[in-house]
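An overview of the molecular structure
What follows is each chain in one-letter form.
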Amino acid sequence: MKARILLTSLLFISIGAMAQSVEDDDPVYVLDSVVVTQSAIGQVTPDRIGVITIAKGSKAILKYGSQAANGVVYIETKPFARKRVNALLSSESPAYDSLLRKYGNDSSFYFIVNGKPVTPTNETGLMTVDRKTFRTVRIIDEKEVQDKYQIMDRKAGVVITSSED
């Protein structure tokens, strides 16, 4: 009986020691506002990623608990980031909201962020606009888009100023 207790005790002590020695040094992964595993992140192809943000420190731990001690990796896919930006611009500009409702989506718009045109290969300027960085939005008509930017296939221009370049 004493041998069985001793063996069981040794087993639990060694399991406890192994559990303590294996540290989880992975950050918390958040994909489109949902906490996910690292393997789920691996399923997202690079061309679908719109924004990656890294957070560390007490705010991350407050929000996600002790598992965020090694940081939080926020990843937004391009469609998710686009929806977030559209919601922000709609809330800040009745004119933008009206255009969005009229055309059903933003594919008819020509975006300019901090003086730089947003292209399909360079959407970063648009994807990084958020409530903290947003300053102003101005809608320009189709004629001004054509005259000033030589873009003929857009119905309106959206000129955004943010605190980030």
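For clarity, every value in this text was computed on a predicted model and none was experimentally measured. (Residues numbered from 1 in each chain as written. Predicted model: local features only at pLDDT ≥ 70, side-chain atom pairs only at ≥ 80, totals over all residues. Heavy atoms only, no water.)

When helices and strands are counted, the protein shows seven helices and eight strands. Looking at the protein alone, contacts between residues at least 24 apart form 61% of all its contacts between residues at least 6 apart. Accessible area for the protein stands at about 10,900 Å²; split by element, carbon and sulfur atoms hold 57% of it. (Helix = DSSP H or I, 4+ residues; strand = E, 2+ residues; numbered from the N terminus. Contact = heavy atoms within 4.5 Å. Areas by Shrake-Rupley, 256 points an atom, 1.4 Å probe, with all protein chains shown as cover.)

Before going further, it helps to spend a moment on the pairing of strand 4 (residues 72-77). Counting buried residues along strand 4, five of its six residues qualify, which places the element largely inside the surrounding structure. Alignment of strand 1 (residues 28-31) against strand 4, held across four bridges, turns out to be parallel. Bridging across to strand 4, Y29 finds its partner in V73. Pairing between strand 3 (residues 49-55) and strand 4: six bridges, direction antiparallel. Looking at strand 4, one finds that V51 is bridged to E76. (Buried < 20%, exposed > 50% of the residue type's maximum accessible area, 1.4 Å probe, protein only. Pairing = 2+ DSSP bridges.)

All right, on to helix 5 (residues 94-103) then. Of the residues making up helix 5, those classed as buried are Y96, L99 and L100. All buried residues of helix 5 fall inside an arc of 100 degrees around its axis, so they share one side. Opposite its buried face, helix 5 presents the exposed residues P94, R101 and K102, each directed more than 90 degrees away. Packing partners of the buried residues in helix 5 comprise helix 4 (78-92), strand 5 (109-113), strand 7 (134-141) and strand 8 (156-162). Of the residues flanking the end of helix 5, it is G104, one or two places downstream, whose phi is positive at about 85 degrees. (Arc of directions from axis to C-beta.)

Turning to the nonpolar core, a few remarks are in order. By size, the foremost hydrophobic cluster in this structure holds 16 residues, and its most contacted members are L89, Y96, F109, F111, L126, V158 and I160. Those elements that provide at least two residues to this core are helix 4, helix 5, strand 5 and strand 8. Once you skip the residues sitting within four places of it in the chain, L126 turns out to touch R82, V85, F111, V113, V118 and I160. Listed in part, the seven residues of the second largest apolar core include I112, I140, Y149 and I151. (Core = buried A, V, L, I, M, F, W, Y, C linked by side-chain atoms within 4.5 Å.)

In sheet architecture, strand pairing relies on hydrogen bonds along the backbone and comes in two forms, parallel and antiparallel. Strand order across the open sheet formed by four strands is 2-1-4-3, with mixed pairing between neighbours. In this open sheet, the two edge strands, each paired with only one partner strand, are strand 2 (34-36) and strand 3. Sheet twist, expressed as the mean angle between neighbouring strand axes with direction ignored, is 25 degrees. Packing of helix 4 onto the sheet brings it into contact with strand 3 and strand 4, and relative to strand 4 it is tilted by some 85 degrees. (Axes fitted to C-alpha atoms, helices over the stretch in contact; angles between N-to-C directions.)

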